[in-house]
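Close look at the chain arrangement
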Amino acid sequence: MNNLIAPSVLAADFANLQRDIEMVNNSDADWFHIDIMDGVFVPNISFGMPVLKAISQHAKKTIDVHLMIVDPDRYIETFADLGAAILTVHYEACTHLHRTVQAIKGAGMKAGVALNPHTPIAVLEDIIADLDLVCIMSVNPGFGGQSFIENTYKKINQLKHLIEFTESNCHIEIDGGVTNKNANALIEAGANVLVAGSYVFKSDDPTATIADLKAIVG
C-alpha cells in the first residue's frame, strides 16, 4: 500500500474554507479527512451536512469522513449521498458494529472503524476481515491540537499483526498529533495513512508542510 497524507479540515480556516480546500487539491495530499462531531459522543461540535456538501463540491481528492457521533447508522445513506468515499464510525458508538459496517459498504463506501486511545485492538478480532480502514486515535477525540499519545506505537504494532494474521487489506490510519517529528516512526510501526490537522493548517506554508510530510512517508 502507498503511504498517504490526509489533512484534517477541522483545522482549516472556516472563513476561507474554499481557499483551504483548493490548497489541499493542489498539494501533495492524498485524501481530505473530515471530522463530524455532535457534541454528545465528543465534547465538541464541528460541522454537519451542509458544510460537507460544500466541501465535496470543490474537493478533487478522496473524502475520508470520520464520524464522532452517537447512532451513526441514521446518517450512513446521507454521507454516501454527500460524497464520502470512506466512512469511519467509532467502535464505542456502535451497538451492532457488524451491521453498521455492512450498511456502509451497502451504501457504496469503504468502511472504517475508529478506536479511542483506551480501547484495545483486540475488540476488532471478529470484524477486521470486513474493514477497509482502522483509525487509531492518537489523541482523545473531540479537539484539534492535542499532544500525541505514545502508546499509539504499541497499538499500531498489535493491529499490524492482527491484519497480517487475518490476511486483511485494511489501512492503518493515525489521527491526532501527527507532525514531521513522528511521521516516519508511525510509518515504520505499520501505519500507512496519517491525518494531520493543526500541524498543516496552522503552519506558515501548509502546501510545503504537506509536501514535507509526503516526502517523509515516501
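Our structure is the block above this text.
Every chain is numbered independently, its residues counted from 1 as its sequence is written. Local features in this predicted model are restricted to residues of pLDDT 70 or higher, and side-chain atom pairs are both shown and tallied only at a pLDDT of 80 or more, whereas totals for entire chains, interfaces and linings draw on every residue. Side-chain metrics rest on all non-hydrogen atoms present in the structure, leaving aside hydrogens and water.

1. What to know about the pairing of strand 7 (residues 171–175)
Put simply, the rule reads: A simple rule labels every residue: compare its accessible area, found with a 1.4 Å probe on the protein chains alone, to the largest value its type can have, and call it buried under 20%, exposed over 50%, or partly exposed in between. Working definition: helices are DSSP H or I runs of at least four residues, strands are E runs of at least two. Numbering for both runs from the N terminus. We treat two strands as partners when DSSP finds at least two bridges between them. Seen with its strands pointing away from the viewer, a crossover is right-handed if its path from the first strand over the helix to the second goes clockwise.
Taken across its five residues, strand 7 has five buried, putting it largely inside the fold. The pairing of strand 6 (residues 133–137) with strand 7 spans five bridges and is parallel. Within the sheet, the bridge partner assigned to Cys135 lies in strand 7 and is Glu173. In this structure, strand 7 lies alongside strand 8 (residues 193–196), joined through three bridges in parallel fashion. Looking across to strand 8, one finds that Ile174 is bridged to Leu194. Viewed along the sheet, the connection from strand 7 through helix 6 (residues 183–189) into strand 8 turns out right-handed.

2. Some remarks on the side chain of His66
The condition that has to hold: Two N or O atoms form a polar contact when they lie within 3.5 Å of each other; inside protein one atom must be a possible hydrogen donor and the other a possible acceptor, and for residues adjacent in sequence the pair counts only when both atoms belong to side chains. Note on contacts: a residue pair is in contact if any heavy atoms of the two residues lie within 4.5 Å.
With respect to the secondary-structure elements, His66 resides in strand 3 (residues 62–68). A polar atom in the side chain of His66 sits 3.2 Å from the side chain of Asp175. Setting aside residues no more than four positions away along its own chain, His66 makes contact with His33, Ile34, Asp35, Ile36, Thr88, His90, Ala114, Cys135, Met137 and Asp175.

3. Quick notes on the pattern of salt bridges
Definition in use: Think of a salt bridge as a Lys or Arg side-chain nitrogen and an Asp or Glu carboxyl oxygen that are within 4 Å of each other.
According to the stated counting rule, one finds five salt bridges in the structure shown. Arg19 is paired through a salt bridge with Asp13; the nearest N and O atoms lie 3.7 Å apart. Classification of Arg19 as partly exposed rests on a relative accessible area of 49%. We classify Asp13 as partly exposed; its relative accessible area is 31%. Close ionic contact of Lys105 with Asp132 constitutes a salt bridge, the shortest N to O distance being 4.0 Å. In this pair, Lys105 is assigned in helix 4 (residues 97–106) and Asp132 in the loop between strand 5 (110–115) and strand 6, connecting sequence segments 27 residues apart.

4. A few points about unusual backbone geometry
Here Asp71, not a glycine, exhibits a phi torsion of approximately 50°, which is positive. Checked against the element boundaries, Asp71 lands in the loop between strand 3 and helix 3 (76–81). We classify Asp71 as partly exposed; its relative accessible area is 37%. One non-glycine residue, Glu167, adopts positive backbone phi at about 55°. Inspection of the secondary structure assignment puts Glu167 in the loop between helix 5 (152–166) and strand 7.

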